[in-house]
2 protein chains.
Amino acid sequence: MPTPEQITATVHRYLELVAKGAPDEVVELYASDATLEDPVGGEVHIGRQAIRGFYANIENVKGTTEIHTLRALGHEAAFYWQLSLDFGNGVGMSIEIISVMTFDADAKITSMKAYWGPDNVTNH
Amino acid sequence: MPTPEQITATVHRYLELVAKGAPDEVVELYASDATLEDPVGGEVHIGRQAIRGFYANIENVKGTTEIHTLRALGHEAAFYWQLSLDFGNGVGMSIEIISVMTFDADAKITSMKAYWGPDNVTNH
């Protein structure tokens, strides 16, 4: 089982890479047969190729992330965080997300689910 | 699939019954073959009898609950909330919890996971 410190490090790295808009590096954090459901209730992306396709959305986007609270327990993490995206010219958006991840023994992400909807998005 | 309104109603009823210290009524919100893991990383309680045993802890406890944020998506809910317990004589504790539930077609809880640890508990 991964340690809470390893899980916490993977989550922090994940948020850093999402903020940076670096899909190739984000995908490296996932196990090869991982699943991704973002938002929950939508399509489930299975495997690294599908997951890479999902993160194509963030390519070159500039953002910042902030963790409100993170819990690393067993082989899982749950965290409540904010993603703020800057589209230039003073236009941007913020999303408040509850995310749940599971991890393998190497602290690679085996599943990711993100709970958010239109009510959790602020345009500015 | 249950509607977001049905899921939201079950979550609100759940928090109300937990605050009231009413284990028999809480258990009624669960499907017969439901699972419960609280906190995540600990024992998984399977089935209503085991779940009833878990909630014996809250019998007659007086508390209050407050939802910081709730998301009902597909057949799931994720919510971040606070449980405050009053043990009398001005002694009590508060726990900040991220909970994830899944639901059946009748909006009964089929699984519950609560993400919290010692860092999320405040004694007062």
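Residues numbered from 1 in each chain as written. Chains lettered and ligands numbered in written order. Predicted model: local features only at pLDDT ≥ 70, side-chain atom pairs only at ≥ 80, totals over all residues. Heavy atoms only, no water.

- As annotated in an unreviewed UniProt entry, chain A carries the name Nuclear transport factor 2 family protein and comes from Mycolicibacterium fluoranthenivorans.

## Some words on the overall build of chain A
Step number 1: Helix and strand content of chain A: 3 helices and 7 strands.
Step number 2: Mapped in sequence order, the helices and strands of chain A form the string α-α-β-β-α-β-β-β-β-β.
Step number 3: Against the compact-globule benchmark of 14 Å for 124 residues, chain A has a radius of gyration of 14 Å, which places it among compact chains.
Step number 4: Overall, chain A is about 45 × 30 × 25 Å in size when its C-alpha atoms are taken along their principal axes.
Step number 5: With 124 residues in all, chain A has 49% of them scored as buried.
Step number 6: Within chain A, contacts between residues separated by at least 24 positions form 51% of all contacts whose residues are at least 6 apart in sequence.
Step number 7: Accessible surface for chain A amounts to roughly 5900 Å². Of this, 52% is attributable to carbon and sulfur atoms.
Step number 8: Put simply, chain A has 8 plus and 17 minus side-chain charges, and the middle of one group is 4 Å from the middle of the other. (Helix = DSSP H or I, 4+ residues; strand = E, 2+ residues; numbered from the N terminus. Rg over C-alpha atoms; globule rule 2.2 N^0.38 Å. Buried < 20%, exposed > 50% of the residue type's maximum accessible area, 1.4 Å probe, protein only. Contact = heavy atoms within 4.5 Å. Areas by Shrake-Rupley, 256 points an atom, 1.4 Å probe, with all protein chains shown as cover. Lys, Arg positive; Asp, Glu negative; His and termini not counted. Charge placed at Lys NZ, Arg CZ, Asp CG, Glu CD.)

## Some thoughts on the pattern of salt bridges
Residues and elements named next belong to chain A.
Step number 1: Applying the stated criterion across every chain yields a total of 14 salt bridges over all chains.
Step number 2: We note a salt bridge from Glu25 to Arg13, for which the minimum N-O separation is 3.4 Å. Residue Glu25 is located in helix H2 (residues 23–27), and its partner Arg13 is located in helix H1 (residues 4–20); the two are separated by 12 residues in the primary sequence.
Step number 3: For Glu25, a relative accessible area of 32% translates into the label partly exposed.
Step number 4: The closest approach of N and O atoms between Arg52 and Asp24, which form a salt bridge, is 2.6 Å. Of the two residues, Arg52 sits in helix H3 (residues 48–55) while Asp24 sits in helix H2, which places them 28 residues apart along the sequence.
Step number 5: Residues participating in the shared-partner salt-bridge network are Arg13, Glu16, Lys20 and Glu25. (Salt bridge = Lys/Arg side-chain N within 4 Å of Asp/Glu carboxyl O.)

## With respect to the pairing of strand E1 (residues 30–37) of chain B
Residue and element names in this part refer to chain B.
Step number 1: The pairing of E1 with strand E6 (residues 109–115) spans 4 bridges and is classified as parallel. The partner of Thr35 across the bridge, within E6, is Ser111.
Step number 2: Here E1 runs beside strand E2 (residues 44–46); their pairing, made up of 3 bridges, is antiparallel. Bridge assignment links Glu37 to a residue of E2, and that residue is Val44. (Pairing = 2+ DSSP bridges.)

## Details of the relation of the copies chain A and chain B
Step number 1: When chain A is fitted to chain B, the residual RMSD is 0.0 Å, and the transformation amounts to a turn of 180° plus an axial shift of 0.0 Å. Overall, the copies show the geometry of a two-fold rotation axis.
Step number 2: Taken as a fraction of all interface residues of chain A, those also at the interface in chain B reach 100%, which identifies the copy contact as same-surface. (Least-squares fit on C-alpha atoms with pLDDT ≥ 70 in both.)

## Thoughts on the interface of chain A and chain B
Step number 1: Across the contact, 19 residues belong to chain A and 19 residues belong to chain B.
Step number 2: Buried area between chain A and chain B, both sides added, is near 1600 Å², and the carbon and sulfur share of it is 62%.
Step number 3: The interface formed by chain A and chain B contains 2 salt bridges.
Step number 4: Across the salt bridge formed by B:Glu76 and A:Lys113, the nearest N and O atoms sit 2.5 Å from each other.
Step number 5: For the interface between chain A and chain B, the tally reads 8 residue pairs in polar contact (both at pLDDT 80 or more).
Step number 6: Taken together, the elements giving at least two residues each to the side of chain A that touches chain B come down to strand E3 (62–73), strand E4 (76–88), strand E5 (91–103) and strand E6 (109–115) of chain A. (Buried area = accessible area lost by both parts, 1.4 Å probe. Polar contact = N/O pair within 3.5 Å; in protein donor to acceptor, adjacent residues only side chain to side chain.)

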